[in-house]
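Residue-level structure breakdown
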Amino acid sequence: MSSLLYDAQGPRAKRRNVLFTVIFLVALAALLWWVYRTLDERGQLEWVLWEPFFTGTEAWSTYIWPGLQNTLKAAALAMIIAMPLGAVFGIARLSDHAWIRVPAGIVVEFFRAIPVLILMIFGLALFAEYTNVPSDDRPLYAVVTGLVLYNASVLAEIVRAGILSLPKGQSEAAMAIGLRKNQEMRLILLPQAVTAMLPAIVSQLVVIVKDTALGGAVLTFSELLASANTMSGYYGANVIASFTVVSLIFIALNFALTSFASWLERRLRRAKKSTGAVVGVDDLATGNTQTGGG
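Residues numbered from 1 in each chain as written. Predicted model: local features only at pLDDT ≥ 70, side-chain atom pairs only at ≥ 80, totals over all residues. Heavy atoms only, no water.

A word on the overall build of the protein. Across its full length, the protein holds 11 helices and zero strands. Mapped from its N terminus to its C terminus, the protein presents α and β elements in the order α-α-α-α-α-α-α-α-α-α-α. Taking all 294 residues of the protein together, 34% fall into the buried category. Within the protein, residue pairs in contact and separated by at least 24 positions form 70% of the contacts whose partners lie at least 6 positions apart. For the protein, the exposed surface amounts to about 18300 Å²; the carbon and sulfur share of it is 65%. (Helix = DSSP H or I, 4+ residues; strand = E, 2+ residues; numbered from the N terminus. Buried < 20%, exposed > 50% of the residue type's maximum accessible area, 1.4 Å probe, protein only. Contact = heavy atoms within 4.5 Å. Areas by Shrake-Rupley, 256 points an atom, 1.4 Å probe, with all protein chains shown as cover.)

Per the stated rule, a full pass over the model turns up eight aromatic pairs. With centroids separated by 6.2 Å and ring planes inclined at 70°, the aromatic side chains of Y63 and Y235 adopt a geometry described as edge-to-face. Pair noted here: Y63 is in helix 3 (residues 58-92) and Y235 is in the loop between helix 9 (224-234) and helix 10 (239-271), with a separation of 172 residues, a long-range link. A relative accessible area of 15% places Y235 in the buried class. (Phe/Tyr/Trp six-rings, centres within 6.5 Å; stacked < 30°, edge-to-face > 60°.)

This brings us to the side chain of E223. Looking at the element boundaries, E223 is found in the loop between helix 8 (181-218) and helix 9. Within the buried core, E223 has no salt-bridge partner, and the shortest N-O distance to an opposite charge, that of K210, equals 13 Å. Among the polar contacts made by the side chain of E223, one reaches the main-chain amide nitrogen of A226 at a distance of 2.7 Å. What E223 contacts, discounting residues up to four positions off in sequence, is G67, N70, T71, T212, A213, G216 and F250. (Lys, Arg positive; Asp, Glu negative; His and termini not counted. Salt bridge = Lys/Arg side-chain N within 4 Å of Asp/Glu carboxyl O. Polar contact = N/O pair within 3.5 Å; in protein donor to acceptor, adjacent residues only side chain to side chain.)

The residue N229 is located in helix 9 in this model. Owing to a relative accessible area of 47%, N229 belongs among the partly exposed residues under this scheme.

The next thing to look at is the pattern of salt bridges. This structure, assessed with the given rule, holds six salt bridges. Put simply, E41 and R37 hold a salt bridge, and the shortest N to O gap is 3.5 Å. Note that E41 and R37 are positioned in helix 1 (residues 11-41) at a spacing of four residues, about one turn of the helix. Through salt bridges with shared partners, one network takes in R93, E109, R112, E157 and R160.

So, on to the environment of I121. Among the structural elements, I121 can be located in helix 5 (residues 116-130). The class for I121 is partly exposed, based on a relative accessible area of 40%. In contact with I121, other than residues within four places in its own chain, are V218 and L219.

Attention shifts here to unusual backbone geometry. The phi torsion of most residues other than glycine is negative, and most of the peptide bonds are trans. Positive phi values are uncommon outside glycine, yet T220 reaches one of about 55°. Along the chain, T220 falls in the loop between helix 8 and helix 9.

Right, let's get into the packing of helix 3 against helix 9. Where helix 3 meets helix 9, the closest approach of the two axes is 8 Å, and the angle between their N-to-C directions is 160°. Between helix 3 and helix 9, the interaxial angle falls into the category roughly antiparallel. The two elements helix 3 and helix 9 cross, and the hand of that crossing is right-handed. Contact residues: helix 3 offers E58, A59, Y63, I64, G67, L68 and T71, while helix 9 offers L224, S227, T230, M231 and Y234. Its residues assigned to classes, the contact of helix 3 with helix 9 comprises seven nonpolar, four polar and one charged. (Axes fitted to C-alpha atoms, helices over the stretch in contact; angles between N-to-C directions. Parallel < 35°, antiparallel > 145°, perpendicular 65-115°, else oblique. Left-handed = near helix turned anticlockwise from the far one by under 90°. Nonpolar A, V, L, I, M, F, W, Y, C, P; charged D, E, K, R; others polar.)

So, about the confidence of the model for the protein. For the protein, per-residue confidence averages 83 on the pLDDT scale, and 89% of positions sit at 70 or higher. Within the protein, helix 11 (residues 281-286) has the poorest average pLDDT of any element, 46, and helix 4 (residues 98-113) the best, 93. In the model, residues 274-281 has pLDDT below 50 throughout and makes seven contacts with residues more than four positions away in sequence or in other chains. Every residue in residues 287-294 scores below 50 in pLDDT, and together they form 12 contacts with partners more than four places removed in sequence or on other chains. (pLDDT = per-residue confidence, 0-100.)

Turning next to the packing of helix 3 against helix 6 (residues 138-164). Where helix 3 meets helix 6, the closest approach of the two axes is 6 Å, and the angle between their N-to-C directions is 40°. Here helix 3 and helix 6 pass one another in a crossing that is right-handed.

We now examine the environment of A226. Turning to its location among the elements, A226 is positioned in helix 9. Contact partners of A226, with chain neighbours within four places excluded, come to G216 and F221.

If you want it as structure tokens, here you go:
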């Protein structure tokens, strides 16, 4: 049977696909075996290197938990600041007034074009030269500043694209019932755009969590990845074990974030379904019309 996207496979195509699948699985198994043999020959799979993570709490309480706290602190602060800031700049780029739209566009394009690591380094220099922030706190401030400036500009584009993706009839309907521009944005466009923007927003939040590691690599910020370096040196160069554990923690964090976003998206979509309310002539005349979500 054919579809709109592709034609149904014939016997030869099916045999060819089965052959490619078998070859891929064999190559993957060979690669995994080579990795296992290499690690085993170099002693990276010995139990003594993995034991600290399974038989005691020292590695978790001394290295992993403090690093995880700093990672979560920096990511949470960056999210809390970047999301509303990005929304403001995204809406500002849609303004009818050039004196609002043009400066907002310049700011967004400027910070979106600069690598986040450079923003962190500039932030560290800025706090060292022109503020009284203690030296121990400067790496955290610099990491949060870089993450906010970069991700707010990206989120601004996400917000702008989400609003522009809505049907033009939404704006026309808002104008027809006499809503002002800010009411149209606040009551009509933004609530509908949130659901469309949510997957892209969550992807950017995952980027924020991962980019905290840049601060540990360059700015001596003691986040989760930086703690793995110190931990591997303390426990006899168990680099593979330390970074494997840290990688699994990052995967768990980001999976929890995306799972929550998926749940929230489903909930928002259910909440936006029409209530089926009937609008009467008297309601239209008095302006007390009640509408369901749409």
